[in-house]
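So the chains spell out like this:
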Amino acid sequence: MEQYDGEIGEDGMYMQQQDDWDRDMLLDPAWEKQQRKTFTAWCNSHLRKAGTQIENIEEDFRDGLKLMLLLEVISGERLAKPERGKMRVHKISNVNKALDYIASKGVRLVSIGAEEIVDGNAKMTLGMIWTIILRFAIQDISVEETSAKEGLLLWCQRKTAPYKNVNIQNFHISWKDGLGFCALIHRHRPELIDYGKLRKDDPMTNLNTAFDVAEKYLDIPKMLDAEDIVGTVRPDEKAIMTYVSSFYHAFSGAQKAETAANRICKVLAVNQENEQLMEDYEKLASDLLEWIRRTVPWLENRAPENTMQAMQQKLEDFRDYRRMHKPPKVQEKCQLEINFNTLQTKLRLSNRPAFMPSEGRMVSDINNAWGGLEHAEKGYEEWLLNEIRRLERLDHLAEKFRQKAAIHEAWTAGKEGMLQEKDFETASLSEIKALLKKHEAFESDLAAHQDRVEQIAAIAQELNELDYYDSPSVNARCQCICDQWDALGALTQKRSEALERTEKLLETIDQLYLEFAKRAAPFNNWMEGAMEDLQDTFIVHTIEEIQGLSTAHEQFKATLPEADKERQAILGIHNEITKIVQTYHVNMVGTNPYTTINPQEINGKWDKVRQLVPQRDQALMEEHARQQNNERLRKQFAGQANIIGPWIQTKMEEIGRISIEMHGTLEDQLTHLRQYEKSIVNYKPKIDQLEVDHQLIQEELIFDNKHTNYTMEHIRVGWEQLLTTIARTINEIENQVLTRDAKGISQDQMNEFRASFNHFDRKRTGMMDAEDFRTCLISMGYNMGEAEFSRIMSIVDPNRLGVVTFQAFIDFMSRETADTDTADQVMASFKVLAGDKNYILADELRRELPPDQAEYCIARMAPYCGPDAVPGALDYMSFSTALYGESDL
């Protein structure tokens, strides 16, 4: 057999290929047998498309007719009209036409002439067929910048790399065990072969399995026999290459159809995802607004409570709302804004109209409702704290009223009866004088009690002004005391006048009794006042106040020695009276006629005062310790708040700078922002600790803090704004990445867009107002009137907020190129599925797409099919309009 070769490079340039066949090996009958079978099967796989086939490769191509037909089928082109004569000259003419066509495709035929083919030269015929296979089945294979034989070998190596016992290095002995064929099939159609059950030591089974599966399921004819491959030391390389190239073309064609189907699936999935996002937004917005509607009336309820316990329960309910109910809603509100921005970005990238929520469910509506909620929340908290202060003050005043009223009522008990006695009418002169002095002492005592009565009336008045719930009983008791006091005054005046009328009858008086009474009465009042003060309850809010009470108490204790001297002096008077009585044997009837106070009572009250002093010391010490603890809590809270407040403000400013400045790629900015987000989230335990400190302060009823200007409400609002800002900024950068990738914008373009945007963002707010945006467009060469500018503003500002964000700016700048790209993608997808037709059948969509997406697509396309369309068919305009909308393509 003579040598033949021929291979072509790209652009019609010939590249000489050193034929791998050795002359001696070409004479090997086993190789010739393999080539006959393989080449015959390969030719028939194409000829059957024209309704014919060959049985004997060297005989059936002799007249040149089937050879020309084969070339027409595999090239898709028409050859010159064949000669129909039976003479040798006609056959040679037909074969020459075929060889000329092969040569026109850049193939250099060496030592192959029409006469050898017509004469049935088997070696030349096989060589010619191999040249055709090289040109039309192998040469156009391209894998990773390699082509033809090297490309096909690289494709095999890439596809079989994951499989054990498969090492494709050539097109002969690497395929003897059959595992290479099985691996190719399993890689693309794993359901056809159970690769795990194959054994390397059973090549016959492996080869037959691969050949049978390829013929039955992949429409690849059986070109080789397992016995020929196994029984040959080195299988024929060209036969193996021919067979393997059929696998390559079978799988690459399926992959193109799959790619087209995937592109349609992706469009349908985006549409379905956008519709789901719209439904999710509407539901989340409705739920959030409903929760706000139910919560605001509760926060606006200002019905006061009568007891501190009830108000404390309301305060605890409010804390539960702050800790458990509100935080999830804050997160839902933030997620709602993120979902809305993401949906609008996806709709812009898909060239779909902007999403307009139902009436009353816009983001601005939710923000307004949320602002009303926070306003009601702030007012409710202030009201709670004021109510607690009021009730605390009321409890203190009510207790003070009860104590003073009880002391006064105890003092007045029996006084009216005493003043109404007529004992002076039958008394002796000395007794009358005694009665007169006694009455004078009583008047002094009565005047001393005037201050207490005024205090009781003042406390009752304050309880009324503070709307004390038990004011009626307080008023009744106060009125009773005042009426009794008026009666005592009148009775005192009446008795005084009676005694004065009989004063001329009185001549002697025991001065000592009188002096005792005069000195004992104020001292007794002083002791009663001291006992009252020592037992008086107190309420303070600062350490300075308790220190003031402690100072006053120390001053009181400093007066005790002088008071003790006065007590000794009073007792000395009584002792002197006793001495006189004993010395002069005076017949005394009864006790001191001028006063009811006796030395035993003075000593008893004095002992009581001495007992109350250390008790008062202990109470003041305990209150001082409590105020010290409150001061510690104030400083502890202030120390953290003075750190966290500026930290939040700094982070807000840093996030703003990152979103505006141009440092690195969008991915760099996104990475930087996510690092900031992580550091912010990691800072949450400090916020929680501050909440714990704040709760301790509220539990101790501490209402002011001079060590910091930050309140817990300031920190909460700042923290919520920080979380919302970082999430919104990350979302904006992610949307910019989506826009950049979808529109094919380079990093330099993105930087140029950002530089232009920042230049015209004169207020440095991250947004341009309408006039700044107009100036920017004019600087970029846009010549537009007011109507054109209004149209552009409706695109970049669909919500009519009067500002243009950077995301809307880059969407506008890349909008024109997006329309062209979308149309090209639709046309490419349509051509792959339609083939040579100008329409797509609904059954073809059902075969290429998943069932749910196929029916969804057909349902959307049905309204666009014209009355003259093929039944069940969809033309290109129906296809593109249904997927992308009439206004986009």
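Computed from a predicted model, the values in this text were never measured in an experiment.

In this section: the overall build of the chain. Scanning the chain from N- to C-terminus turns up 33 helices and 6 strands. Relative to its full complement of 889 residues, the chain shows a buried share of 45%. Of the contacts made within the chain by residues no fewer than 6 positions apart, 74% connect residues no fewer than 24 positions apart. Here the chain displays about 45400 Å² of accessible surface, and carbon together with sulfur accounts for 51% of that area.

Let's shift gears to the nonpolar core. Among the nonpolar cores identified, the biggest contains 78 residues, and Ile129, Ile132, Phe181 and Phe247 are the most heavily contacted of them. The biggest single contributor to this core is helix α7 (residues 122–138), with 11 residues. Judged by nonpolar contacts, the second largest core, of 46 residues, contains Ile658, Ile680, Ile730 and Met784.

So, on to the side chain of Ser246. Tracing the backbone shows Ser246 in helix α12 (residues 237–300). Accessibility expressed as a relative area gives 15% for Ser246, which makes it buried. With near-sequence residues (within four places) excluded, Ser246 lies in contact with Trp42, Ile220 and Met223.

Before going further, it helps to spend a moment on the packing of aromatic side chains. For the coordinates displayed, the defined rule picks out 23 aromatic pairs. Aromatic pair Phe211 and Tyr243: ring centres 5.2 Å apart, planes at 70 degrees, arrangement edge-to-face. In this pair, Phe211 sits in helix α10 (residues 203–217) while Tyr243 sits in helix α12, placing the two residues 32 residues apart along the sequence. With a relative accessible area of 0%, Tyr243 lands in the buried category. Taken together, Phe171, Trp175, Phe181, Phe211, Tyr243, Phe247 and Phe251 form an aromatic cluster joined through their ring pairs. The residue whose ring lies beneath Arg135 is Phe136, and the NZ or CZ to ring-centre distance is 5.1 Å. The ring centre of Trp411 lies 4.9 Å from the NZ or CZ of Lys415, which sits over that ring.

Below, the discussion takes up the side chain of Asn525. Take Asn525: it is sitting in helix α19 (residues 511–535). A distance of 3.4 Å separates a polar atom in the side chain of Asn525 from a polar atom in the side chain of Asp445. Contacts of Asn525, omitting those with residues within four sequence positions, involve Asp445, Ala448 and His449.

Turning our eyes to something else, we now look at helix α14 (residues 363–412). If you check α14, its first and last C-alpha atoms are 72 Å apart, about what 50 residues at 1.5 Å a residue would give, namely 74 Å. Remark: Gly414 follows α14 within two positions and exhibits a positive phi of approximately 85 degrees.

Glancing now at the state of the cysteines. With the rule as written, the count across this model stands at 0 disulfides. No disulfide involves Cys482; its sulfur sits 4.1 Å from the nearest other cysteine sulfur, which is in Cys478.

As enumerated under the stated definition, the model contains 54 salt bridges in all. Between Glu377 and Lys326 there is a salt bridge, with the nearest N and O atoms lying 3.1 Å from each other. Taken together, the residues Glu377 in helix α14 and Lys326 in helix α13 (residues 308–349) connect sequence positions 51 residues apart. Per residue, the accessibility class of Glu377 equals that of Lys326, and both read buried. A salt bridge links Arg452 to Glu532; the nearest nitrogen and oxygen atoms lie 3.0 Å apart.

To describe two helices that pack against each other, one gives the angle between their axes and the distance between the axes. One can describe the packing of helix α4 (residues 65–75) onto α7 by two numbers: an axis separation of 11 Å at closest approach and a directional angle of 10 degrees. Considered as vectors, α4 and α7 are oriented roughly parallel to each other. Contacts from Leu67, Leu70, Leu71, Ile74 and Ser75 in α4 reach Met128, Ile129, Ile132 and Phe136 in α7.

The rules behind each value
Residues numbered from 1 in each chain as written. Predicted model: local features only at pLDDT ≥ 70, side-chain atom pairs only at ≥ 80, totals over all residues. Heavy atoms only, no water. Helix = DSSP H or I, 4+ residues; strand = E, 2+ residues; numbered from the N terminus. Buried < 20%, exposed > 50% of the residue type's maximum accessible area, 1.4 Å probe, protein only. Contact = heavy atoms within 4.5 Å. Areas by Shrake-Rupley, 256 points an atom, 1.4 Å probe, with all protein chains shown as cover. Core = buried A, V, L, I, M, F, W, Y, C linked by side-chain atoms within 4.5 Å. Phe/Tyr/Trp six-rings, centres within 6.5 Å; stacked < 30°, edge-to-face > 60°. Lys NZ or Arg CZ within 6 Å of the ring centre and 35° of its normal. Polar contact = N/O pair within 3.5 Å; in protein donor to acceptor, adjacent residues only side chain to side chain. Expected span 1.5 Å × (residues − 1). Disulfide = S-S within 2.5 Å. Salt bridge = Lys/Arg side-chain N within 4 Å of Asp/Glu carboxyl O. Axes fitted to C-alpha atoms, helices over the stretch in contact; angles between N-to-C directions. Parallel < 35°, antiparallel > 145°, perpendicular 65-115°, else oblique.

These results come straight from atomic positions and should not be treated as a statement about function.
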